[in-house]
Structure formats: C-alpha cells, structure tokens
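A structural walkthrough
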Amino acid sequence: MLALVVAHLVVAALLPLVSRRSRRAAFGIAAVLPAATLVWGFAHLGAALGPGLEETVTWSSALDLELGFRLDALGLVMIVLVGGLGALILAYSAWYFGKDSRDAPRNSALLLAFAGAMLGLVLADDLLTLYVFWELTSIASFLLVGQGGLHRANRRAAVQALLVTVLGGLAMLLGIVFVGESAGTYRISEIVAAPPVGGLAATGIALILVGALTKSAQAPFHPWLPAAMAAPTPVSAYLHAASMVKAGVVLVGRLSPGFADRAEWWVPIAVLGLVTMLIGGWRALHETDLKRLLAFGTVSQLGFLMVLFGSGDRIGEVAALTMLLAHGLFKAPLFMVVGIVDKVTGTREVGALSGLRRGLPGLAVAAVLAAASMAGVPFLLGFLGKEAAFEAFVHQGLYYDPARGWVLALGLLTGSVLTVAYSARFLWGAFADKPGVEPVDPKRPARGLLVPTWTAAVAGLVLGCVPPLVNALAQPYADAYPATDATEADYHLALWHGFSLPLLFSVVALAVGLALHVGRDRITGLHRTLAHPLSAQRGYEVVVAGLERAATQVTGRVQVGSLPVYLGVLLCTVLVLPGIALLTGGAWPRDQSLVSSLLQLPLGLIVVVAALALTRVRRRFTAVLLVGAIGYGIGGLFVVDGAPDLALAQFLVETLTLVAFVFVLRRLPAHFDSDGGTDTASGNRPRRGVEMRKAVLATVAGVFVAVAGVVLSGARQQPPAASGEFVARAPEAGADNVIAAILVDFRALDTVGEITVLLIAAAGTASLVLATRFDRRRKAGGGTPEHEKEVLG
Amino acid sequence: MITINVAMAVVLAVLYSVGFYLLLQRSLMRILIGIVVLGHGANLLLQLAGGPPARAPVLGTALPEEFADPLPQALALTAIVITFALTTYLLALGYRSWVLTGRDEVQDDVEDRRVAERERPEGSMEEDAEGPDDEEDPGSAAASDRTDEPAEVSGSGAAR
Amino acid sequence: MSTREPVPFTQWDEPEGEWTLPGACPVRSNRTLMLEAAARFLFPTVLVFSVYLLIVGHYAPGGGFPGGLVAGLAFVLRYIAGGESEGAEIGSRFVVRPPVLMGLGLLVAVVSALAPVAFGAPVLASAKVTFEIPLVGTVDLVSSLVIDIGVYLLIIGVVLDLLRSLGSGIERDAREAAGEEAGP
Amino acid sequence: MSTLVTLPVLLPILGAALTVLAARSARIQRLIGLMVLAAVSVVAAVLLVAADRTGPVVAELGGWPAPVGIVLVADRLSALLLLISTVVTLAVLVYAIGQRISDYGRETASTTFHPIFLLLSTGVSLAYLTGDLFSLFVAFEIMLAASYVLITRRTNASRIRSGMTYVIISLTSSLLFLTTIALVYAATGTVNLADLAGRVAALPEGLRTLLSMLTIVTFGIKAAMVPLHFWLPDSYPNAPAPVTALFAGLLTKVGVYALLRTQTLVFPGTGPSAVLLVLAVLTMVVGALGALAQDDLNRLLSFLLVSHIGFMLFGLAVYDARGAAGTALYIVHHITVQATLFLVSGLITRRTGTVSIDAMGGLARRAPMLAVLFAIPALTLAGIPPTSGFVAKLALLQAGATGGAATAVVAGFVVLASLLTLYAMVRVWVRVFWGTEKEPLPDDDPTDELVVGTARASRPMYAATVALVAVSVAIAAAAGPLSAVTEKAGSDLMARTPYIEAVLGREAVLG
C-alpha cells in the first residue's frame, strides 16, 4: 500500500517533465494511477470486506512512528472516491484546462500528489500515519486553491483553508499524542479495541475532534470551504467535494467504534454536525453562484455525515457509509456540471443563466440524476442512505434513547428538507428558463468533459438500483458496532422497507423541500431580514487581524531596540532568577574575617576609590587612567595573594590596554558628553531619574555577585579537586612553577584556545581599523580586494 | 571552608556595581570601560575563589601545604588574556563606529522602532481585503487557462 | 607615505630601511630625543629580557605569555618614541608581517600539540630531555617549551598587528582627515 | 580513538594557522578550509559510531587523568551534534566561497575570513566535546570572538550599531559566565564537569538552585532564551547570508547544548522544572509573535529562531530521558533547517535586491527553483510531516504528554508556536512567491554584502543550499536510527553514570 502511495508522489514529481511536452498527456498519465488504485482495491475485495489487508513499515521505533496501513470496508469506499472519482476528474481536467494553459502543469502534478496523500490518509491504520497524510493534503489544498497566487481571492482562500485545517491538524496531533501515549499504541485498530481512559486520553479525544471538525468544514470552522471555491472547478470537485473534506468524517468513522459511547466524543459531533447541516443548507438556499451553492451544500452534507458516523448506531453506520459513497458520486458530477456550464457560457451566476435545458439537454439529464440522488429521490443511492439514516434515529428514538434519537431524526429531516430545496434550486438555477433573462447560447462542450460527468452520475443510479451491492460494502463496516436488538442486526439497505416512519420522512422531505423551492422569493426575503450578527467568516477575520495586531504590539513593547534596556533586562533576570535563589537558600558564613592581609586594605582602597571615581569623570582620558589604576591595584592584590605570575600578566596586560586606549582616544573627543549634545541638553531632568534607577540596579547586581561569592565560598566542603595533584605532578611536567605547568602542560588546551582568541581579535581589529581608509573612497564598509590586501600587511 | 573576606567582598561589590552601571550607559566608551572593569572584577573573583593569600606555588620556595591554590590563578591568567583580546577588539569596533557614525552613542535599532510604531505588520494578510477587486473570478474556467482552444473558450466571465 | 602599495610577494622579506636609523627626520611630532635614544638602547635589552622570561617560565614567574608581552611592549616603546613616522612604517620595517608571525605562533603551538601522537603519546603530552652542557651544567629541556615559543611568537605578532592597526592605522586616518579638512 | 576526539578541535586550528600563512593564495585557503571541515565531518561520523557502540570516547589531554588535565568527551549527544554542526558548517563554507567568488572574483584571498571561519568551527567543536567548565568558557570565547569578527566585517554606518549590540551583550554574557565559573569553583573547588556532578550534589539545596539558575541565565543569553533574546533579532539579520546561517544554525544551539549538558549532568532535577517551563513558553510565544510583526525576511527568520529555541528548552524542562532525547533530536533538525533558511534568504535577497518581503513578489513564477528551496525548509521548520521538523516535534510532544499535567499544557504551546510558525512562513510565501512579479531593486551599494540587487548567485551557493535541503530530508528519512541514538543519548544524560564513569572511572560513580 505504501508502494502505491509513493508511486503517486513519485509520478507526480516527474509529471512536469511530461506536461512540458503535452498538458493533456500529463493529465492522462496522472489518471492512470488512481484508476489502478481502484482496480487494486477491488482486486482485494475479499480481504477488505473480511479480515482486512495490513501493511506496516517502521519509520522510527523509538517514537512509535510507523507507516501502518489497513484496507477495510471504509477504506474501500474511500478508494472508490479517491481513486475512481480521482481518475474521472483528472480525465475531466485534461479537457478543462486548455492545451496551453499555464496552470495545467502545476495542477496535474499537484492533483496526483494530492491523490497519493489522500490514499495514504484513507488507508492509514495508525494515527501518526494518518496525521502525516492529513497535513500533506492540507498543503496540497493550499497550493491548489492558491494556484499561481495571482488573484487575491485565491490567496486569501488558500491561506484561510490552510490556517484553519492546520490549526485543527496541530490540535489533532497533540490529541493523537495524548491518546497514543495513554493507550501505549498509535494503531487505530488497537486503540479502538481497547480505548484508553483517563484525563489525558479524554483531552486527546477532544483535540482529535477539533482536527476532524476543521478538516470536514464543520461549524464554526466551515467558511474556509466556500471560500476555497476560488480554486479551479476540478480541484473543487475533487478536494472540496469528493475526497479531502471527507477526511474528518473518515477519522470520526475510524474512531467511533471505540469512543462513540463517550459524551466528549458524540455530543460535539452530534451538535455541531446537526448545526452544520442546517447552516449549510440554509446558506445554500441563497447563493446565486452555482459553485458556492454546491459548496454550502457540501458543508451541509458533511454535517449530515458527521452525525451519522458519530452515531455509534449500527444502522446509522450503515447509512453513514452509504451516504459517504453517495455524496461523492453525486457531488463530484454536480461540480463537473458547473464547470462545464461555466466553460461554455462564461458564467455560474443563477441570474444570468437561462434556457440551458434546451441548449445542453444531455448535461441537464446528468445533473438531474445527481441532484436527485442528493435530494434522496428513490432509485438513487442518496435515497438508500437517507432512508437508513432516518431508520437509525427513529429506531433509536422509539426504543432506547428517545431524546437523542428524536432530536437527531427531526434535525436530519429539517436538513433533508433544505437539501431537497437547494437541489431543486441548483437545477432551476442552472438549466431552467427564467422570465426576463436572455436565453444563453452555449458552445458545445468537449466530450472529454461530458463523459466523466456522466460516468459518475450514472454510477449513483446503478448503485441506487442494486442495494445489495452497497449493502455488501456497508455491512462489514457496521459490524464493528454491536447490534442492540434484532431490527438492528437484520437491517440491510433496500429500496422498499414497507410503509414505515422513515418512508414518511422521505416523502415529507421531498414535498416540503419542493414547496420551499417554489416559495423561494419569500425565503430570500426572510434571509435578508435575518441579518447574521455572528458570521463565522467575520470571526476568522477578526481573529487573524487581532493576532497580527497583538504580534505587533507585543513585539513593539518587548523589542525596543535599545542596548541599555536590553542590558537592564539582563541584569534584572540575573537578580530575579539566581537572586531569589540566593535570598532563599544562602547562608552567610560564620568564620568570615575582615581582611586576610593588611596590604589588602590600601590596595583595595585604591581600587574602590578609582572605581567610584569612574562613575563621575567626564574626561575620557581621566577615565582611562582610572581604569589603569584599578588594573594595577588588582595586580597588587594578586601579588599579595601569592600569584606573581598572575600579577605579572596583569601589569603587562594593563599597560598594553592603556596603550591601546590611548591610541584610540587620540581620535575621539575629550569628554564623554561632548557628542550627542542635543540628547543630553533636552533630556537632562528626566534623565536623572533614569540614572538613579540604573545606579540602583547596578548596585544591587554588584552586591548580589559579591554576596554570592562570599556565601558560595563559605559553603565549600572539600579541598580543591586537582590542586594537590598539580603540585605533586609538576616535576613530571618538568616545571617548578606550578602555574606554568598548568598553562603549558596540564591545561595546555586552554592556552591554545587563549592564543586563538588573541589571533582572532588582532585580525578582527586590523580588519576593522584598516577598513576606515576605504570608507572615504566608497562610502561603505571596507572595500573588497584592496582592503583584504591591506589587512594582509 | 574558604571564605572571601569582607574587604575583598566590598572591592568585588564596588567593581561589579561600577561595571554594571557603566554598562547601562549610552556612551560606547563608558560601556567599554564598564566591560574592562567587570573583567577586572571577574578575574579578581576567580583568583579569590582559590582561597586566602598564601605562598606562590613555585616548587622549592615553600612547602606544598603553604601554596595558594594554583588552578584559579592559571584560569584567571587565561581569562585576563582573553578579556584583553576582546577589549582591544571592542575598542577597534568603537573606533570604527565613531568613524562611520560620528558619534560615541549606541543608537537604538531603527527597524525595531519601525515595528513598534506600526499598528499591524506590513505583510498583513488583512491588506488583501483592500485595494481594487480582481477582474476575473478565480475559480472559473476563464481564470485557470488563459489561452484556450477556440471551440471551448468562454471568454471572460464577469461573474459577480 | 600613506598610499604605500603592499609589498610584492617577491620582495616582502627584503628590508626596506635601516633597522636603527629612520630615513626621514620627523618634523611635526613633538618627540623627545631622550626618550627616543633611551628606546633605541633599551629595545634590544628588553628583547633579551623577554627571551629570558620565556625560558625561565618553567621555574619562576614568566613564560611565553609575559615574555611575548614584554617583547611587544618593547616595540610599543619604540613606536611611541619614534612617533608618527616610525609608527606608520613599523609594519614594513619589521621583516616579518605581523599576521605571518601570528600564524606561525599558532602553527607552532598546534603542531606541538599534535606531534606527540607521532610518538604514540596522547595529544598535548610533553616529554623531558636532560642535556649535559659543559660549563652550564645539566639542562632540562621540556617539550612543552615549544608551546610557550608558539605563544611567544603569536603575542609578538598580535602586539605588532595592534600597533599597525590601532597605532599607525588610526594615525594615518587622522592625517588623512586633517589633510581633507585642510584641502578643498 | 582518543586522538580522534581532539581532531575536531585541533584540525581547524591547524587549518586556520595554515590559511593565515597562505594568505596570498585564495585557492590554497579555499582548499585548506574545505579539506579541514570535510576531515572533521568524517572524524565526527566515526566518533558517533564509536560512541554509540562502545560508549563515550574520552581523550585525556596530555595524558593527565580527569580532574588534573582537560578531558574531551564524545558521547552520543556531543558526537551527534558535532557531526551535524560540521556538515552544516561545511555547506555554509561552500556557499560563502561561492559568494566570495561571485562578489570579488577567484583571486581575492583573505586574512580574516578563512582563518576565522575555521576557528569558529573549533570553538563549536570544543564546546560540544569538552568535559571541563572552564574549557567550555574558552570554547565560547573562541566561537564568539570569531563571530564578532564575522558579523562586523564590512559593516557600514547603518549596520555597525547592530554589531555593537551583539558584541556588547555577548561580552557581558561572557563575563557573567566567568563570574559563574568563579562562583562554582568557590563552592566546589573543581571545574571538571563530571567531578562537579558529585561535588555540587554535596551542596545545600538552595545553593544548588543558585548555581543552576546562574548557568541557566548565562547559557540562556547565548541560547537567546526570552527575556534574554533581544540581541538576536537585532544583530543576526545584519550579517551576510552565510554568516547569519552559520550563527543561526550553530551558535544558539551551542548555548542550548551547554544548558542541556550542565542541567542534566551537574544539576539533575527530579521532575519538570517550573522555571524552565515558563521560560520555554515565553520563548516560544514571544518569538513567534515577533516573527509575525516583521517585514524584513531575515528578521522574521531570526524571531522564528528564538521561538524554536523555546521548543528545545521545553524538552529540557520536562527533565526526563524522553524530553532530553526530544531536545537532542530537535537541535539536530533545527541546526540544519535554520541554516538552510538563511542561505535561501540570501539567494532570495540576491535575486530581488531587498530583504523586505513587501518589496518582493511573484518569485514562484520567475524562480521556481528558489520556491522549492524555500518551501521545503519552511515546511520543515513548521513541522509539517513528513519532514524532520515533524519527527523532532513529535518526540517533544510525546515527552510532554508523559511528563505530567504541566508539561502536557506546555505541549499545547508547542503546537501553537508551530501554527504561528506556519503562518509566518505562509505570509512569506504569499508575499514573496505569489502575487505580481516585481522588478529586482537596483544595487545602490555594490560593496554591501547584505543587499545585493542583482541576480549574482554562483553555482556553489545553490549547490550548498540544495545539499543542506538534502541533509534535512535525510534527517527525516533516517529518523529511525537517529531517534534511536537520541533516545539512548537522552537516557545517558539522565542516568549520568556513563559520562561520569567514562571521565573519572568506575570508582567515582560507585563512591
């Protein structure tokens, strides 16, 4: 199975080579693999409907990361949609995109890559595998919706689709990890067999649901789907009708056997699914763009599917699988119809289309077949599914869970009424003669566009007329749910179940739905008066804009760009983190002496006085001399401490530092404040407060270091680890001077590192200072080859 | 066991305080001097971490028990050299900064200021909502292939 | 003077001027003869002292680092005493370019670190050889002295390079800036 | 074998010395640089295999045993990071050589660039390998000094300020580090890490916390942990692409490595560290928000770098073997991808003549190759599967899920930061690669390495970028063996014994 998925991706990567020669050939080649997938799926029909066909490739065992696949009934149905419809839509695309279309190479490759990712997703039996392909489909969708990014609508829609689905995807990933870690496995079949319990798992389940809801465009995340209609119609037909948007539903279908009885699972699914179904249906009634009408129809149907898959009811799950198949088989051809209408008339606007039923009779018949299936007219697949769905909830309401059963049954009935109404509206909008509208004179559509449309529409009719065929697919899936009574155990799809409540529901739905369509003007009026204060689309925009504003504000506050502020924060952090630790955990040592050697006092005094004077001086040269005094004073302290080597180095280094300072100071102004004059003059008063704060902060930090030194050195329990060894082994190193032995022998690497730093600093200094010469000539930093030569010496 | 005596603690506190204080200034020269002072403080602390004054650790000049702890001395020596190297480098950088900008102050970051003064980032997605509308409806067939065959071409669909 | 071309590769080891006597007599600088003369006579003495520090490092305070610094300070003294003219030339006057001296020092140090491996000893290991030199007596030669020599060379190179950049480089800038102001 | 451990440190120094001496031949300099880094890569690979098979490889320098001499230790973690760092450094060197050739021609040698580039690599290697706190300080100084020179080379008036900020903050942090070492020595009397592990344990708990916090702050500055991160977005974007790539890839990670090593070895905790968890959340969120507010491509990437440092801190904060393993894996992934992104940004800048994403547009059409080169690391950074970013993030999330309630909540922030990262990347994609094509901006200042308004990008630059993208793909493909190594590295870190035993011998552990 992995090979099949990889083949998709590899061929997709190579496809641009083909499309350079011929765009149509590229689509043609692309269509082969999905078709082969369909054939492969049916070749393993027995295994799929029986025990299932499994394959596992370990990616990383340390992370429990596996590519685990399993072909079962649900997978097979999805293969029909992904592979079968995929092949049809790719064939359709070959004619939809022109021979020289600039978009064709990209679309052929991306559509095929998407097909591969989707295949991986539907076959995944491992939550992490599922997630891998889940995000891949999101990325493919982003690129397919965005196209070349030339149009604002495409860009916006692509970004929205990506952000919403990835938001869900990431929540889902976290959920997957929570569930997987509490279950000890990421295998879906194993998790479902022994569902994990506990807070972590419950959170995980809820998070996984977020992923499913966003991907399947459930309220309140649904607006990305209608927006994504900015994509070319074949893309909409494939991704946003037939396959990708089903991913969330499929995920719910995969996990429901384990979790359907938990409130945190079924309540959100039922509530949001139902709400989505109603919102989608209602909005579809008012769209004037045929494609957007279908998009809201898809939203509505996805809500329906969500409710069914989450029901955890045997009959409901039979209905779910049937509707899943039915939806693909009617929604894809409907999109293809819109694409053809758009192509031959140049518009998809309800108000501009008239008389097409005579202009395109063949297409009209296909559209009627598909729309009727959507409306749930008998002899079509949609009818079988809807009947089963009504049966499921009516049965539930009658026998064991009245509240849940009846609410859902009546909700679905309302949704179905809306479905019938917008199906009728679609047919009317696309093909009817409209008074006052000039009949459109369409061009003849290419056969390559018509054949796939017809094929898909007829498939719905054929399957609708032979219920046992679908039943054979649906029953094995529903077997995962135990039957509560004989009715459930015996239920199977059929065209005629006798006069029953579900049949009545179907009739009511059709009748009221058609009535709604007839009274469409009044409904439109009602829609206008019901202004929505809460628009999900507006919500998305507010959130994104708010995020960007927050980002700017937070960054503006935090990243002020001022060095003194940065250093101040740094000191504050030192005071807060280690400072508190010192206050709470430190103890002042008891046997502390005032001074160890009397000589320390005058030397220390020199250092202290020079340091304090440093804060007051205004002349740079004086400051440098004071620094020198500090340095020599410390050198003196080193002598007192018994560190002549250190003192020697300190004296020499201090001298050299002084020389370097003097060299540079020759060119700088004599006083600190002689530059940047305006700043100081204008800001003298407020600065005093700032200076005060700086002084306090610096003092506290300085005292902290000193106190930490005293406290920590007082806490020492053991003698130095190596010092005795140094003295003992110095003769081995051939040196009487232990310091020298450490520097060039015991810790010679430090010395090598130290001279390395010296070299770097000297080279850098030369490069910097000598660059000045080229500044005047070029007005910019250190000229190139000449500067390098100059630095060379 | 070894404790830093009060006098040295005061010296350390003063050195670090003055170093930190100078570091917080805007004048580059002062910052530089602050770093030098801090370096002195750190080296002194390192040396003091070895213990109270004792004899220089040269064999034959005293008994090994009288020696000062040699390791902090060696470490401090390395640290002194490294601090010196970086100080000269920073001096050169200061000089160059002065040559280039003509001032001794460390300026604030321009880009940070710019970000802080904006309401919303410039590359904001929201900007997409403004400006002129696209001419074509992107989802339509017309948008997805510009150069169609004549038999199938549908012209520009002004579908709004 | 300031626009001096870099010395061509074939001539870089040829000294351009005399070692002790500057070619051009400085006019502008306020140098003192005493300091200059003292610097000239002190210079070799200090260099010898620096070598002493380098060698004595194993037995008493000293070593490659102080030795190198002392030698470097000798050059600094000469530079200060010589003033501008000597300063501007100190790079070319010295036979080896400072970067080469630094590179050489580092090379010596790192090679001496790696060399013991050739004798089957660990990296940075040292060995002691005892010589019997007539008149002087027994002399211990420790291989780690080589690292010290590397340090010594590098430090001299560093100080010379600093003189070249912070010293004469900045001085040249100042002159050019002054020239610009005085000129058009 | 123990000689091998010293080579990653000594070979680049040798190379640097030789390039200084060969300063008149650009060709020899290039050759030395490439050969040295290639050799170090091989050595690092051998060390990794050895460390994985037989435990830490230790070199006692000069033959002196541990607390007396300096030890270099290549255990699984350090060898792995050394390997990936060197490979990235090598690729960046190739890119930099390409850039130098296209800017200054083949013949321009440099006394500063090649030696200092190699010495930077020395500093990084030494920081990974050393088992001695003071030697770690020296390593940091070598690395930072080299970085100062590289970041301030060829600065002009408008950019000298940022270099200044970087140098001053880094120097301050170095002095803080020195102070920390002094305090540690005052309290324990040793600077050997393995030795410290035992001696710190003998201190009272309050002082242990004090020292632990001091190291967190010290290394936190280098790792650009919020609120110590300010310097990074102000300075990194203002260096030429290869330099920024190297810094972004390596320097902050060395800080994280130092944190990981010291916190696990010297200051072992018993459960998730609340302080680190809070800091991790702050780092992730502030960094990601900062990225969203930027218009400058390099600044945007720099803020994302900060944000992802939070991810690594999170793994450390979990304080168990899985968390440490997750951090290790994340470092490996992030070194590669962040360097790649900056290299790509350099290519984009050369193509468009600007760093402002608003001034770019339509690149996907004009330069599809660049689009692919950007898209892969961008998705990798956002952690979209099946990239290495996903694998590494998964490791962190798993650690968070099992670490307790607090870490599970913080795992949510990891996910949030990923989303914001993706959003930032999408913004770049939409602005730079989609939309209408814009003419490249003219090149006002030919010497300014940062903004070069012409399409001058030589083949080595592309080759290096492609190679790094390939490395990052390879990390994802080899996630199995890689995560096996990091998993063991994580347990080693938590167990502490393998390291201490390798350095001090068996008795030290038992006693």
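What you are looking at is a predicted structure, and each value in this text was computed from that prediction instead of being measured. (Residues numbered from 1 in each chain as written. Chains lettered and ligands numbered in written order. Predicted model: local features only at pLDDT ≥ 70, side-chain atom pairs only at ≥ 80, totals over all residues. Heavy atoms only, no water.)

**Some words on the overall build of chain A**
Under the convention used in this document: Where helices and strands are cited, they refer to DSSP runs of H or I of at least four residues and of E of at least two residues respectively, numbered from the N terminus. Only the C-alpha atoms count toward the radius of gyration. The rule for a globule is 2.2 Å times the residue count to the power 0.38. Partly exposed describes any residue whose relative accessible area lies between the buried limit of under 20% and the exposed limit of over 50%, with all areas from a 1.4 Å probe on protein chains only and scaled to the type maximum. By definition in these notes, contact holds between two residues if any of their heavy atoms fall within 4.5 Å. Throughout, the Shrake-Rupley method with a 1.4 Å probe supplies accessible areas, and for residues the shown protein chains are the sole cover considered. Charge counting follows a simple rule: Lys and Arg are positive, Asp and Glu are negative, and His as well as the terminal groups are ignored. Charge positions are represented by NZ for Lys, CZ for Arg, CG for Asp and CD for Glu.
A count of helical and extended segments in chain A gives 35 helices and two strands. Relative to the 2.2 N^0.38 estimate, which gives 28 Å for 793 residues, the radius of gyration of chain A is 38 Å and therefore markedly larger than a compact globule would have. In terms of overall dimensions, chain A has C-alpha extents of about 115 × 65 × 55 Å along its principal axes. By residue count, 64% of the 793 residues in chain A fall in the buried class. At a minimum sequence separation of 6, the contacts of chain A that also span at least 24 residues come to 77%. In the form shown here, chain A has an accessible surface area of approximately 25,900 Å², with 67% of it arising from carbon and sulfur atoms. Side chains of chain A give 59 positive and 51 negative charges; the mean places of these two sets differ by 14 Å.

**What to know about the overall build of chain B**
Across its full length, chain B holds five helices and zero strands. For chain B, the sequential pattern of α-helices and β-strands runs α-α-α-α-α. Relative to its full complement of 160 residues, chain B shows a buried share of 71%. As displayed, chain B has an accessible area near 5,000 Å², and 54% of this comes from carbon and sulfur atoms.

**A word on the interface of chain A and chain D**
Applicable threshold: Two parts placed together each lose some accessible area under a 1.4 Å probe, and the buried area is that loss summed for both. A pairing counts as a salt bridge when a side-chain nitrogen of Lys or Arg comes within 4 Å of a carboxyl oxygen of Asp or Glu. Here a polar contact is taken to be a pair of N or O atoms separated by no more than 3.5 Å, where protein atoms must pair a possible hydrogen donor with a possible acceptor and residues adjacent in sequence count only if both atoms sit in side chains. Gly falls in the polar group here, along with every residue not listed as nonpolar (Ala, Val, Leu, Ile, Met, Phe, Trp, Tyr, Cys, Pro) or charged (Asp, Glu, Lys, Arg).
Every contact between the two is made by 107 residues of chain A and, on the other side, 120 residues of chain D. In this assembly, chain A packs against chain D so that about 9,400 Å² is buried in total across both faces, 75% of it on carbon and sulfur atoms. Seen at the junction of chain A and chain D, the total is two salt bridges. Between Glu181 of chain A and Arg322 of chain D there is a salt bridge, with its nearest N and O atoms 2.8 Å apart. Inspection of the chain A/chain D interface yields 18 residue pairs in polar contact (both at pLDDT 80 or more). Residue classes in the side of chain A that touches chain D are distributed as 65 nonpolar, 26 polar and 16 charged.

**So, the packing of aromatic side chains**
How two aromatic rings sit relative to each other is set out by the distance from centre to centre and by the angle between their planes. Threshold: Note on aromatic contacts: the rings of Phe and Tyr and the six-membered ring of Trp form a pair at centre separations within 6.5 Å, being stacked when their planes are under 30 degrees apart, edge-to-face when over 60 apart, and tilted otherwise. For a Lys NZ or an Arg CZ to count as sitting over a ring, it must be within 6 Å of the ring centre and within 35 degrees of the ring normal.
Following the criterion strictly, the structure yields 39 aromatic pairs over all chains and no others. Sitting over the ring of Trp428 of chain A, Arg520 of chain A keeps its end group 4.1 Å from the ring centre.

**So, the confidence of the model for chain A**
Keep in mind that low pLDDT regions are not for reading the predicted coordinates in detail. To keep things clear, this is the line we draw: Each residue carries a pLDDT score, the predictor's own confidence in it, on a scale running from 0 to 100.
Across chain A, the average pLDDT comes to 90, with 95% of residues at or above 70. Across residues 674-685 of chain A the pLDDT falls below 50, and counting only partners more than four positions away or on other chains, this stretch makes eight contacts in the model.

**Some remarks on the pattern of salt bridges**
All names here are of chain A. Applying the stated rule across the entire model yields 35 salt bridges over all chains. Of the charged contacts, one joins Asp72 and Arg254 as a salt bridge, the two residues approaching to 3.0 Å between their closest N and O atoms. Taken together, the residues span a long stretch of sequence, with Asp72 in the loop between strand 2 (65-71) and helix 4 (73-96) and Arg254 in helix 12 (residues 247-259) at a distance of 182 residues. According to the relative accessible area criterion, Asp72 is buried, its value standing at 14%. Judged by relative accessible area, which is 9%, Arg254 ranks as buried. Across the salt bridge formed by Arg348 and Asp342, the nearest N and O atoms sit 3.5 Å from each other. Asp342 shares its class with Arg348; the two are buried. Linked by salt bridges that have partners in common, Glu54, Glu66, Arg70, Asp72, Asp125, Arg187 and Arg254 make up one network.

**Structural notes on the packing of helix 9 (residues 199-215) of chain A against helix 13 (residues 263-284) of chain A**
Residues and elements named next belong to chain A. Which entries qualify depends on this criterion: Interaxial angle, 0 to 180 degrees, is taken between N-to-C directions of lines fitted to C-alpha atoms, where a helix line uses only the stretch in contact. Each angle gets one of four labels, with under 35 degrees taken as roughly parallel, over 145 as roughly antiparallel, 65 to 115 as roughly perpendicular, and the rest as oblique. Less than a right angle of anticlockwise turn of the near helix away from the far helix marks a crossing as left-handed, whereas a clockwise turn marks it as right-handed.
For the pair helix 9 and helix 13, interaxial distance at closest approach is 9 Å and the crossing angle is 25 degrees. Judged on the interaxial angle alone, helix 13 and helix 9 are roughly parallel. Crossing of helix 9 against helix 13: the hand is right-handed. Judged by residue contacts, Ala202, Ile205, Leu209 and Leu213 of helix 9 engage Glu264, Trp265, Pro268, Ile269 and Leu272 from helix 13. When grouped by side-chain class, the residues that make up the contact of helix 9 with helix 13 number eight nonpolar, no polar and one charged.

**Side note on the domain arrangement of chain A**
How we decide: Note that the domain bounds were set by an automatic or database domain assignment.
Here chain A is described as being made up of domain 1 (1-231 + 241-256), domain 2 (260-352 + 364-518), domain 3 (599-674) and domain 4 (731-793). Taken over C-alpha atoms, the centre of domain 2 of chain A sits 88 Å from the centre of domain 3 of chain A.

**Brief notes about the environment of Val46 of chain C**
Residue and element names in this part refer to chain C. Secondary-structure assignment places Val46 in helix 1 (residues 33-56). Along the sequence, Val46 and Gly72 sit 26 residues apart, while their C-alpha atoms lie 9.5 Å from each other. Ignoring sequence-local partners within four residues, the contact set of Val46 consists of Val70 and Ala74.

**Topic: the environment of Val37 of chain B**
Residues and elements named next belong to chain B. With respect to the secondary-structure elements, Val37 resides in helix 2 (residues 28-48). A relative accessible area of 0% means that Val37 is categorised as buried. Between the C-alpha atom of Val37 and that of Ala76, which follows or precedes it by 39 residues, the distance is 15 Å.

**A few points about the interface of chain B and chain A**
Across the boundary between the two partners, chain B contributes 121 residues, which contact 150 residues of chain A. Counting the surface lost from both chain B and chain A, the interface buries some 11,500 Å², and carbon and sulfur atoms represent 65% of this. Taken together, the connections running from chain B to chain A amount to zero salt bridges. In this structure, the connection of chain B to chain A is made through 22 residue pairs in polar contact (both at pLDDT 80 or more). The greatest single-element share of the side of chain B that touches chain A, amounting to 25 residues, is contributed by helix 3 (residues 70-101) of chain B.

**Side note on unusual backbone geometry**
Omega for the bond connecting Ala219 of chain A with Pro220 of chain A falls within 30 degrees of zero, at 0 degrees, which places this linkage in the cis form. Along the chain, the position of Pro220 of chain A falls in the loop between helix 9 and helix 10 (224-227). A cis amide bond, omega 0 degrees, links Pro385 of chain D with the succeeding residue Pro386 of chain D. Tracing the backbone shows Pro386 of chain D in the loop between helix 15 (368-382) and helix 16 (388-402). The residue Gln147 of chain A is not glycine, and still its phi comes out positive at about 50 degrees. One can find Gln147 of chain A in the loop between helix 6 (127-146) and helix 7 (152-183). If you check the backbone angles, Ala217 of chain A has positive phi at about 55 degrees while not being a glycine.

**Some points on the side chain of Asp126 of chain A**
Residues and elements named next belong to chain A. Inspection of the secondary structure puts Asp126 in the loop between helix 5 (104-123) and helix 6. Arg187 is the oppositely charged side chain nearest to the buried, salt-bridge-free Asp126, at an N-O distance of 4.7 Å. When residues no more than four places from it in sequence are discounted, the contact partners of Asp126 are Glu66, Gly68, Tyr186, Arg187 and Ile188.

**Focus on helix 27 (residues 600-614) of chain A**
Think of an α-helix as 3.6 residues a turn; residues three or four steps apart then line up on the same face. The test is simple: The span you would expect from a helix comes to 1.5 Å times its residue count less one. Directions drawn from the helix axis to the C-beta atoms are what define this arc.
Taking 1.5 Å per residue as the helical rise, helix 27 of chain A with its 15 residues ought to reach 21 Å, and the 21 Å between its terminal C-alpha atoms agrees with that figure. Turning to helix 27 of chain A, its buried residues are Gln600, Leu603, Gly604, Val607, Val608, Ala610, Ala611 and Leu614 of chain A. In an axial view of helix 27 of chain A, the angular spread of the buried residues amounts to 165 degrees, which keeps them on one side of the axis. In this structure, the buried side of helix 27 of chain A is in contact with helix 28 (620-641) of chain A together with helix 1 (6-23) and helix 2 of chain B.

**Quick look at helix 12 (residues 297-318) of chain D**
Residue and element names in this part refer to chain D. In a regular helix each residue adds 1.5 Å, so 22 residues correspond to 32 Å; helix 12 covers 32 Å between its end C-alpha atoms and thus fits that length. In terms of residue burial, helix 12 counts as a mostly covered element, since 22 of its 22 residues are buried. The N-cap of helix 12, judged by a side-chain oxygen 2.8 Å from the amide nitrogen of Asn298 a few residues on, is Asp296. Positive backbone phi, at 60 degrees, marks Tyr319, one or two positions downstream of helix 12.

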